[in-house]
Structure formats: structure tokens, C-alpha cells
Protein chains: 2
Amino acid sequence: MENKGVGIFDSGVGGLTVLKEIRKLLPGETLYYLGDTARVPYGNKSKDTVIRYSIQNTRFLLKRGIKLLVVACNTSSSYAMDTLRKEFSELPIIGVIEPGSRQAIEASKSGHIGVIGTKATIKSNAYKNTISILDSKARVYQQACPLFVPIVEEGMHRSKFAHEIAKYYLEPIKKYHIDTLILGCTHYPLLSSVINDVMVNNVKLINSGKSVAKKVYEYLLGHNMLAKARKGGVEFFVTDAPEQFKKISRLLLSEDINDHIKEVVLEDE
Amino acid sequence: MENKGVGIFDSGVGGLTVLKEIRKLLPGETLYYLGDTARVPYGNKSKDTVIRYSIQNTRFLLKRGIKLLVVACNTSSSYAMDTLRKEFSELPIIGVIEPGSRQAIEASKSGHIGVIGTKATIKSNAYKNTISILDSKARVYQQACPLFVPIVEEGMHRSKFAHEIAKYYLEPIKKYHIDTLILGCTHYPLLSSVINDVMVNNVKLINSGKSVAKKVYEYLLGHNMLAKARKGGVEFFVTDAPEQFKKISRLLLSEDINDHIKEVVLEDE
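Residues numbered from 1 in each chain as written. Chains lettered and ligands numbered in written order. Predicted model: local features only at pLDDT ≥ 70, side-chain atom pairs only at ≥ 80, totals over all residues. Heavy atoms only, no water.

1. Brief notes about the packing of helix α1 (residues 16–25) of chain B against helix α11 (residues 209–222) of chain B
What describes two packed helices is the angle between their axes and the distance between those same axes. All names here are of chain B. At a minimum axis distance of 8 Å, the contact between α1 and α11 shows a crossing angle of 45°. Overall, the two elements α1 and α11 adopt an arrangement that is oblique. The chirality of how α1 crosses α11 is right-handed. For the pair formed by α1 and α11, the contact residues are V18, E21, I22 and L25 on the first element and G209, K210, V212, A213, K214, V216 and Y217 on the second. (Axes fitted to C-alpha atoms, helices over the stretch in contact; angles between N-to-C directions. Helix = DSSP H or I, 4+ residues; strand = E, 2+ residues; numbered from the N terminus. Parallel < 35°, antiparallel > 145°, perpendicular 65-115°, else oblique. Left-handed = near helix turned anticlockwise from the far one by under 90°. Contact = heavy atoms within 4.5 Å.)

2. Things to note about the sheet that holds strand β10 (residues 261–263) of chain A
The pairing of strands in a sheet happens through backbone hydrogen bonds and is either parallel or antiparallel. Residue and element names in this part refer to chain A. The strand order β4-β3-β1-β2-β9-β10 describes an open sheet built from six strands, whose pairing is parallel. With one partner strand each, in any of the chains shown, β4 (93–94) and β10 form the two edges of the open sheet. Across six bridges, strand β2 (residues 30–35) lies against strand β9 (residues 233–238) in parallel orientation. Bridging from a neighbouring strand, Y32 pairs with E235 of β9. Seen against the sheet, helix α1 (residues 16–25) touches β1 (5–10), β2, β3 (66–71) and β9 and runs at an angle of roughly 175° to β2. Of the strands in this sheet, β2, β9 and β10 are in contact with helix α12 (residues 242–253), which crosses β10 at around 145°. (Pairing = 2+ DSSP bridges.)

3. Notes on the pairing of strand β5 (residues 112–117) of chain B
All names here are of chain B. Most of β5 is tucked away: five of the six residues are buried. Note that β5 and strand β6 (residues 139–144) share six bridges and pair parallel. The residue of β6 that forms the bridge with V115 is Q142. Summarising the sheet, β5 and strand β7 (residues 180–184) pair through five bridges and their orientation is parallel. The residue of β7 that forms the bridge with G117 is G184. (Buried < 20%, exposed > 50% of the residue type's maximum accessible area, 1.4 Å probe, protein only.)

4. Observations regarding unusual backbone geometry
Cis geometry is found at the peptide bond from V40(A) to P41(A), where omega equals 0°. As for its placement among the helices and strands, P41(A) is situated in the loop between β2 and α2 (47–64). The backbone of N125(B) shows a phi angle near 60°, a positive value even though the residue is not glycine. Secondary-structure assignment places N125(B) in the loop between α6 (119–124) and α7 (126–134). The exposure class of N125(B) is partly exposed, given its relative accessible area of 28%. Phi is positive for N224(B), close to 55°, though the residue is something other than glycine. Among the secondary structure elements, N224(B) is positioned in the loop between α11 and β9 (233–238). The class of N224(B) is exposed, set by a relative accessible area of 63%.

5. Brief notes about the side chain of T121(B)
Residue and element names in this part refer to chain B. Mapped onto the elements of the fold, T121 is located in helix α6. Classification of T121 by relative accessible area gives buried; the value is 1%. Of the polar contacts made by the side chain of T121, one reaches the side chain of T75; its length is 3.4 Å. Not counting the four nearest positions on each side in its chain, T121 is found in contact with N74, T75, S78, A126, Y127 and G184. (Polar contact = N/O pair within 3.5 Å; in protein donor to acceptor, adjacent residues only side chain to side chain.)

6. With respect to the side chain of T130(A)
All names here are of chain A. Looking at the secondary structure, you find T130 in helix α7 (residues 126–134). Judged by relative accessible area, T130 falls into the buried class, the value being 18%. Look past the residues within four positions of T130 in its chain and what remains in contact with it is I97, E98 and S101.

7. Looking at the pattern of salt bridges
Tallying each qualifying case throughout the model produces 18 salt bridges over all chains. Here D36(A) and R39(A) are joined by a salt bridge, their closest N and O atoms 2.8 Å apart. Neither D36(A) nor R39(A) differs from the other in exposure class; each is buried. Salt-bridge contacts for R102(B) lead to E98(B); the nearest nitrogen and oxygen are separated by 2.3 Å. One end of the pair, R102(B), and the other, E98(B), are both in helix α5 (residues 97–107), four residues apart, so they sit about a helical turn from each other. Three or more residues joined by partner-sharing salt bridges are found here, namely E98(A), R102(A) and K215(A). (Salt bridge = Lys/Arg side-chain N within 4 Å of Asp/Glu carboxyl O.)

8. Comments concerning the sheet that holds strand β10 (residues 261–263) of chain B
Residues and elements named next belong to chain B. Strand order in the open sheet formed by six strands is β4-β3-β1-β2-β9-β10, and the pairing between neighbours is parallel. The outermost strands of the open sheet, each flanked by one partner alone, are β4 (93–94) and β10. Helix-sheet contacts for α1 involve β1 (5–10), β2 (30–35), β3 (66–71) and β9, and the interaxial angle to β2 is about 175°. Its contacts with the sheet put helix α2 (residues 47–64) on β1, β2, β3 and β9, and the angle it makes with β1 is roughly 155°.

9. Some thoughts on the interface of chain A and chain B
Often, the extent of an interface is quoted as the loss of accessible area upon association of its parts. Each partner contributes to the interface: chain A provides 30 residues, whereas chain B provides 29 residues. Around 2300 Å² of area is buried between chain A and chain B when both sides are counted, 54% of it from carbon and sulfur atoms. The three residues of chain A that bury the most area against chain B are L147(A), E154(A) and F161(A), which together make up 22% of that side's buried surface. Viewed at the interface, chain B and chain A are joined by two salt bridges. Across the pair K119(A) and E154(B) runs a salt bridge, and its minimum N-O distance is 3.3 Å. At the junction of chain A and chain B, the tally comes to eight residue pairs in polar contact (both at pLDDT 80 or more). (Buried area = accessible area lost by both parts, 1.4 Å probe.)

In C-alpha cells:
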């Protein structure tokens, strides 16, 4: 079991922010990363379609031989976790919603927590419901920011447009005096400085990458499943345009991917 | 043959601007419209993937029984026409590039023609090459505008962001003194007033819908394939989120779709 890898999937390139944290904490593990770049974005698709794609992604990674799956995509984590856990009952699956929610509750003093994400993530109320279960006193304020992903994908996350659109999306939740804001999409960490500028009053930004990595570590340790190797590796798979993936990944990882990025076609059910 | 319908596909909702013109000119025809909303946008995908999706779309429409296919999507028209014509050699196929190019050449006095489109459409040089073949004296200036589609999809095409982003994309081609600008994406007609504002100097905007409809009419007439009926109809198919399709279609058609919009899953090759 310990020789098997850890699978990670995302709708595209954003999940690399999660991969980066896992790699840091678990350098001995072999990681398989799948970015469904042919069908990105997931954030404005329906629940059924997101579930269907998430199942296909999981099947693909299972065939590589994995001992644990990380659903790095917030939209998939919001919509597909129940189905994935039912469909793949033997496979431990870790999503980003619960670790991110815990991190936010720990960080918040006032208990006023903001959540920003794709349309689908916000519509699902996944963060809101999870936070309510973990801390019934917390107040959650949500805002969908559908143009953030295309802005990051275009590399315009430092532009004045990014700033203006952030202002447009974030003004409405500023009035709730939140002290903590969950970046509920793997693309959003790239907009951190812009979001900080707009929020002004020292709001803590929560990027769940770190707490997801911690949860993976604890799970593998607790189940005696940690890799014996000192140095693992990563295999990258995308469903479209590996060169574009490489380009944007430079922004996200602040390092070049030298490994080969393999283009694959997923099987429909 | 005349009892069969006309198939139209687009990556999403944008092709409805083409459907509208066909409906106006050919009210007796039965039209089948497929919007691949589960995989929209095509404009930043690779050539191979766009071709694969275009083949699947065509197969789906063929099963409905069609006598002619309109590829309303500019990206598909740019990348997939040769393959589709080879793969479906019995089926007459009309794309948007050639009609749009002709319309632009006729409209331009100076012979300086601008083209805006998705990354893929611009990268393919489809308009540039077609215009060069039709009029070797014409000068073509191209600009990709990747944020235009998400802005329209978000219903923000009248916002100040739309204006600012249009300015950002269009300033560079203004210096070439073009008198004609091809809107090389079916979403762009919704940005016409914003584009006109930015271009200032009376540039003619070319939306190929009308010339595509004319070409369909001429083909069916010339081949004695026109429907005998006085009143046809439309059947709508989408691969995801019919309600969202309905909502945006209101913007594009300036009328409600009362017909049922059927959600379908396409077959992989």
C-alpha cells in the first residue's frame, strides 16, 4: 500500500497550489496530478455534470494506482464528495471544504467569516453548511466571483481590471465586518494581494492548501500508509493543452515543471 | 431530403445569433441547435480537442436527421472544417469564416480589415488566410480578446469593465486605421455598442450571421432542398445547464425560448 501514490485532481491548473503544499509536507510520496483542462472551468457547470466529470477523473487516477485521493477542486469538493465516497468506498478521499472551514474557524476571532468562490461552490452552500456544523455560532457571508478564474487564466491577476473587479465583488461583503475570508477556489491565492488591497482592514485570507496537506499527512501516518522512500515524484496529466498548463503553472508554483506533462483522454462512463 | 432539418452547433449559447438570422430567412425549415455548454468555452482549447468535440457534435446532429450543417462556432470553423468535411463527406457543411470574410471585404473601402476573436480563432489565422485568398490586396490585423466571452456569459457586457477591457484589447489595432472589424466570435455582437464606443471612427462591425443565413438559403435553393413547409420549428439541445442557456439566450435573441431545451450527453468516439 505504501508504494502506491497519492492522486490529486482539479478542473485545471489551480490545484497545483494544493499539490505544492502536499509536496512540501510529504516529499517522499509519489503524486499523480490530473488537470481536466479540456473541460475547465467547472465553476459554472451543473451539479450532475461536475459529478460525472469527477467520477471520470477518479477512475483515471485509480488506474495509476493510488492509495488516497485529494479533490483539490472546490467545485468538485462542493458537489461530488458524497457520490465519490459512495462510488469509490475503498478509497480514502480528502476534499478542500472541511479543512478550509476548520482553518477559517480557528483563524477568526469575531466569528464573521466570508467565503468567495465560483458560482457552483457558492450555490452549493458547502462551506456555509460545513462551518455551521463545526461552529454553530459562526456567521458566514458568501460571494460568487465568476470572473476571477478567467482573469487568473489570462495572467491578468495583477492588472487594474483585477483590482476593479475585486472591488465590485468584495464591496458587498465588506459591510459584514468579516475578519477572515476563505479563498474558496484554487485560483484565488494568486489574487491575494489584490484582495488584501480591497479588503483593507486586515482580513485573514484562508487558502486551504496547507490544511489539506496536513490532513493527508495525518491520514497516511495514522493508517501506516506513508511512503518508505525519501524522495517521491510527480506525474502530471492534463486533458488538453499541456504547454498552456506549463505556462500558467509557473505563476502558481513559482517554479518550472520540468517533468513531462502527459495529455490524456478520459473515458466516459 | 427536403423534410430533413438544418443542424447548427456552437460551443454554447453564442450561435443563437446565427440561428436567429437563419430562422428569419428560412422560416419553413426545421432547425436543430446544439450548444456544447458542458465544455464551453472552445476558444482556449487546443486544435485536437476542438476537432474531437466538433466531430461528436456533428455525429449527434446527424442522428437527428439533417440535410445541412452550420458550424456557428468561430473556433470550430477555424480548426475543424477540413476534418469535418473529410469525415462527413456526404453532408454539406457551412462555417462562419468564409461568409464573414466575404462580407468584410465587400464592406471595407480602405482594405484595412480588423479581426477580433478567441485565442484559438486568432492563432489559427483562419480569417487572415481566407481574406488573403479572396482579396490579395486586403490587409488584416488580428487581436485575441479572451475575456470577452466570460464577460458576456456573466451578463456584464454593458458594464464599465466591458468598456475598459474593450479599450485594452482594441487600442493596439486602432492604429492601423481599419474601417471594418470582423466580430469573429458569436458572443461579440452583444458587445457591439461598447466596441463602437472604443473604436470611435465609424468602423463597420461585421457579424457573419446574416451572410451565413444567406449562404444556407442559396445552397438549399440551388440543390432543390428547401423545406416545403411554411412553418418550421427549432429543437434545442445542450450538454449542460438548460436553465442557464435559457437565461443567456434571452440576451442574445431578445426573445424567450419557449421550446423545451433538452439536456443530452454526447458520445465519445
